[in-house]
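Observations on the three-dimensional arrangement
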Amino acid sequence: MDEQPEPAQKPAPQTGGGLDRRAELSEFLRTRRARLKPEDVGLPDFGRRRVPGLRREELAQLAGVSVAYYTRLEQGNGRNVSAEVLDAIARALRLTGAEHAHLMHLAKPKQHKKKQTARSQQVRPALRQLLDSIDTVPAYVVGRRSDILAWNRMAAALFGDWAELPAPERNWARLVFLRPDYRELFVEWDQKASDIVGYLRMDAGCHPDDPKLSALVGELSVKSEEFRRLWAAHDVKEKSYGVKRMRHPLVGDLTLSFETFRLVDDAEQSLLTYHAEPGSPSAEALRLLASWGADATRAATGTTAQ
């Protein structure tokens with residue numbers, strides 16, 4: 001498996017406002033290596049280290065590649081690396097499934113036509129009809145860059161009426177990091193923020209040349225210190241399922257389970273739903289929200305959403 005990639009070169013400047021894929025690969029590998037201790041992987045620890053984590057030679061030993069090979073890869077040169085070697089490095093780094101997929105995207109990117117990346121995202125009419133027919137469960141469709149593409153009346157009642165926002169602001173990252181009302185809505189705001197950044201990182205691995213994503217990251221990095229810190233960690237996540245605790249201004253505390261359904265015909269779009277345990281206080285709170293609809297947040301605050 002000890003193949004030799006091309007000699008390391010300085011990362012080429014990106015055109016079109018995209019992210020530097022080679023820099024992304026380099027930092028991702030470095031941060032994954034830094035989080036591992038020798039005892040985590042069964043290696044002896046010979047005293048104090050200048051920097052945290054495994055040394056490059058230790059990681060190379062675990063992956064079964066030469067130190068020079070791994071060093072060039074960590075410098076962002078993954079052009080000729082094989083999937084077999086990447087799998088070995090992923091195992092050595094103890095990567096999660098999402099992290100493994102992210103590594104593959106960075107090291108062996110698929111070619112996307114610029115028009116496909118730049119085109120606006122469209123939600124199928126039948127899917128919009130389905131959303132409208134779900135009248136007891138908050139549901140919405142999210143696309144690339146965490147853009148909110150479509151939603152039902154219950155989602156507007158729970159999260160606020162996104163129809164009153166300009167289209168560019170219907171974006172989870174902007175809402176979570178730039179809107180104080182969303183910081184108050186999510187009880188575990190830190191976890192929600194971490195999740196959003198993890199999703200954006202996965203998106204960046206799939207579409208490093210997306211200028212809109214690059215602009216979004218740049219904007220949030222300027223406006224939010226918390227975003228800068230989380231983005232620098234290079235953690236990645238995929239949307240799945242779980243539980244969110246919220247504090248709604250009208251109905252108070254809710255504990256809701258969420259599910260993510262990736263669309264078969266468009267993997268870049270997902271349908272998310274939130275539901276409460278039957279008979280629970282949260283279920284009663286959702287019932288009350290349903291009676292208010294999109295006016296729920298305005299009724300609680302006495303203001304119009306901005």
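Conventions and cut-offs
Residues numbered from 1 in each chain as written. Predicted model: local features only at pLDDT ≥ 70, side-chain atom pairs only at ≥ 80, totals over all residues. Heavy atoms only, no water. Core = buried A, V, L, I, M, F, W, Y, C linked by side-chain atoms within 4.5 Å. Buried < 20%, exposed > 50% of the residue type's maximum accessible area, 1.4 Å probe, protein only. Helix = DSSP H or I, 4+ residues; strand = E, 2+ residues; numbered from the N terminus. Contact = heavy atoms within 4.5 Å. Salt bridge = Lys/Arg side-chain N within 4 Å of Asp/Glu carboxyl O.

In this structure, Tyr140, Phe159, Trp162, Trp172 and Phe177 are the most contacted members of the largest nonpolar core, which totals 47 residues. Broken down by element, the residue count for this core peaks at seven residues, all from helix α11 (residues 189-206). Beyond its immediate chain neighbours, meaning those up to four positions away, Phe177 contacts Trp189, Ala193, Ile196, Val197, Leu220, Ser224, Glu226, Phe227 and Leu230. Ala63, Tyr69, Val85 and Leu106 belong to the second largest nonpolar core, which has 28 residues in total.

Before going further, it helps to examine the pattern of salt bridges. In the structure shown here, the tally under the stated rule is 21 salt bridges. Its salt-bridge partner being Arg124, residue Asp265 comes within 2.8 Å of it at the nearest N-O pair. On the criterion of sequence distance, the pair formed by Asp265 in the loop between β4 (252-262) and β5 (270-275) and Arg124 in the loop between α6 (114-118) and α7 (125-133) is long-range, its members being 141 residues apart. The class for Asp265 is exposed, based on a relative accessible area of 53%. We classify Arg124 as partly exposed; its relative accessible area is 40%. Close ionic contact of Glu188 with Arg245 constitutes a salt bridge, the shortest N to O distance being 2.8 Å. Of this pair, Glu188 sits in the loop between α10 (180-185) and α11 while Arg245 is found in strand β3 (residues 241-248), placing the two residues 57 residues apart along the sequence.

Purely geometric stuff here, so don't read any function into it on its own.
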